[in-house]
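# Observations on the three-dimensional arrangement
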Amino acid sequence: MVGAGVLSLPYAMAHMGWGLGITVMILSWVITLYMLWQMVEMHEMVPGGKRLDRYHELGQEAFGEKLGLWIVVPQQLLVEVGTCIVYMVIGGKSIKKVHETFCSECTPIKTSYWIMVFASVNFVLAQLPNFNSISAISLGASVMSLTYSFIAWGASIKKGITPDVSYNVKMKSTSDGVLNFFSALGDVAFAYAGHNVVLEIQATMPSTAEKPSKVPMWKWCIWAYIGVAICYFPVAFDGYYMFGNMVDDNILITLKHPAWLIAIANLFVVIHVVGSYQVFAMPVFDMIETYLVTRLNFSPSSTLRRNFKSCFAGITMLIGISNLFFGSLLGFLGGFAFAPTLYFLPCIIWLKLKKPRKYGLSWTINWICIVIGVLIMTLSPIGALRNIIVSAKNYKFFS
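All of these numbers come straight from a predicted model, not from anything done at the bench. (Residues numbered from 1 in each chain as written. Predicted model: local features only at pLDDT ≥ 70, side-chain atom pairs only at ≥ 80, totals over all residues. Heavy atoms only, no water.)

## Considerations on the packing of aromatic side chains
Definition in use: Any pair of Phe, Tyr and Trp rings, taking the six-membered ring for Trp, is counted once the centres come within 6.5 Å. Such a pair is stacked with planes under 30 degrees apart, edge-to-face with planes over 60 apart, and tilted for the rest. Where helices and strands are cited, they refer to DSSP runs of H or I of at least four residues and of E of at least two residues respectively, numbered from the N terminus. Only protein chains enter the accessibility calculation, which uses a 1.4 Å probe; a residue whose area is less than 20% of its type maximum is buried, one above 50% is exposed, and one in between is partly exposed.
Following the criterion strictly, the structure yields 17 aromatic pairs and no others. Ring geometry for Tyr167 against Tyr241: centres 6.1 Å apart, planes inclined by 5°, an arrangement best described as stacked. In this pair, Tyr167 is assigned in the loop between helix 5 (135–159) and helix 6 (174–191) and Tyr241 in helix 8 (residues 214–243), connecting sequence segments 74 residues apart. Looking at Tyr167, the relative accessible area reads 26%, which means it is partly exposed. Tyr241 gets classed as partly exposed once you look at its relative accessible area, which sits at 38%. For the pair Trp363 and Trp367, a centre-to-centre distance of 6.1 Å together with 55° between the ring planes defines the contact as tilted. Residue Trp363 and its partner Trp367 are located together in helix 13 (residues 361–392), separated by 4 residues, close to a single helical turn. What links up through ring pairs into an aromatic cluster is the set Trp18, Tyr167, Tyr240 and Tyr241.

Here it is, written out as structure tokens:
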């Protein structure tokens, strides 16, 4: 549940300010936790013991066989593929930071090459067969995410407040400030990514009528969200408090000292995004193989899996190399892809399947979440796309 998007939260705060920033952070935590509860509950809501093991199966149950696929699958693919692309960029930049810290006198190496180094690890790990096979990698990634989050806000406190720090919202004009705020909403949304694979993870757990999987699943979701709060809020608030509106789109890039600790934190980021890349790529592999076998009549084999998994890793690497706009890319994907699956699609499905009493508490809360989610989905990509266009004026591809 703790994604690498945590590193951009101080930057998002710089575009929102204290009041709006704290409000958005807390609301996002509460709303996404509520969405998570709904998804865990709906996993086993069909009578007869049927389990909805995939997000698109939940969509099909609500909207029908074909329409459910068209509503859910494109959104889920955008989230999972987009996350893998962003993690390519994060992984490459973090390796570069480690290299520059430990070898400050070495000849600088292009970020593109470091992304290729990061991708080479994923080429190998992508060949693992299923979620259970990456459990150790996922555990290591979880520990790393907690660790570098603690380092990020601990090192910020250790450094102290930057001289002449300013907490004025980062903007050149009123319109610039508004558009940056829209993009910042997407940055926050991107930080909450785990919902898109929660059903696939719950599907790996045994379940009976006496001991349904939703009981232990929800218990550990609570623990996970406590971890999210411990990581996200201190990083966002301490990072912004110490650096103000001068913070970079990655807090670990802003931090310089102690050099060895920041280098280690970036190394932890690399380990984390390696594991997270596999978690988000696994459902995509499942969809690709299902399509190749059922629609294109390929015979399932290890050679087929090896080929399309390698192609996927290569494609995400190439797109990552050509799009290094970390902050704006998070904002665009967070709004356009993440907001639907995080903020309002579970609500729509809940209303469709559970049919709560009109104007009752459940009905009202879900409609409020739907309105908030639609606003984020509409506004965030506008601000982020504008920032990408502005940054692209001086950008050289494959730099």
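## As for the state of the cysteines
What we call a disulfide is simply a covalent bond connecting the sulfur atoms of a pair of cysteines. We apply this condition: In this description, a disulfide is simply a cysteine sulfur pair whose atoms lie within 2.5 Å.
Evaluated as defined, the whole model comprises 1 disulfide. Put simply, Cys103 and Cys106 are joined by a disulfide, and their sulfur atoms are 1.4 Å apart. Of the residues examined, Cys106 reaches a relative accessible area of 30% and is grouped as partly exposed. Free of any disulfide, Cys84 has its nearest neighbouring cysteine sulfur in Cys311, separated by 15 Å. Taking relative accessible area as the criterion, Cys84 reaches 0% and is therefore assigned buried. The thiol of Cys347 is unpaired, and the distance to the nearest cysteine sulfur, on Cys369, comes to 4.4 Å. Taking relative accessible area as the criterion, Cys347 reaches 0% and is therefore assigned buried.

## Re the layout of surface pockets
Formally: The pocket and cavity definitions rest on a 1 Å grid over protein atoms only: a 1.4 Å probe that fits but cannot leave marks a cavity, an open set with protein on both sides within 12 Å along at least five of seven lines marks a pocket, and residues lining either have an atom within 4 Å of a point. Grid points are joined across faces, edges and corners, and a volume is the space filled by probe spheres set on the points. Under the scheme applied, nonpolar residues are Ala, Val, Leu, Ile, Met, Phe, Trp, Tyr, Cys and Pro; charged residues are Asp, Glu, Lys and Arg; polar residues are all the others, including Gly.
In this model, the second largest pocket occupies a volume close to 610 Å³. Around the second largest pocket, the lining comprises 16 residues; the ones closest to its centre are Leu69, Val73, Met287, Tyr291 and Arg295. Among the elements that make up the lining of the second largest pocket, the one with the highest residue count is helix 3 (residues 65–102) (7 residues). When the residues that make up the lining of the second largest pocket are grouped by side-chain class, the tally is 8 nonpolar, 3 polar and 5 charged.

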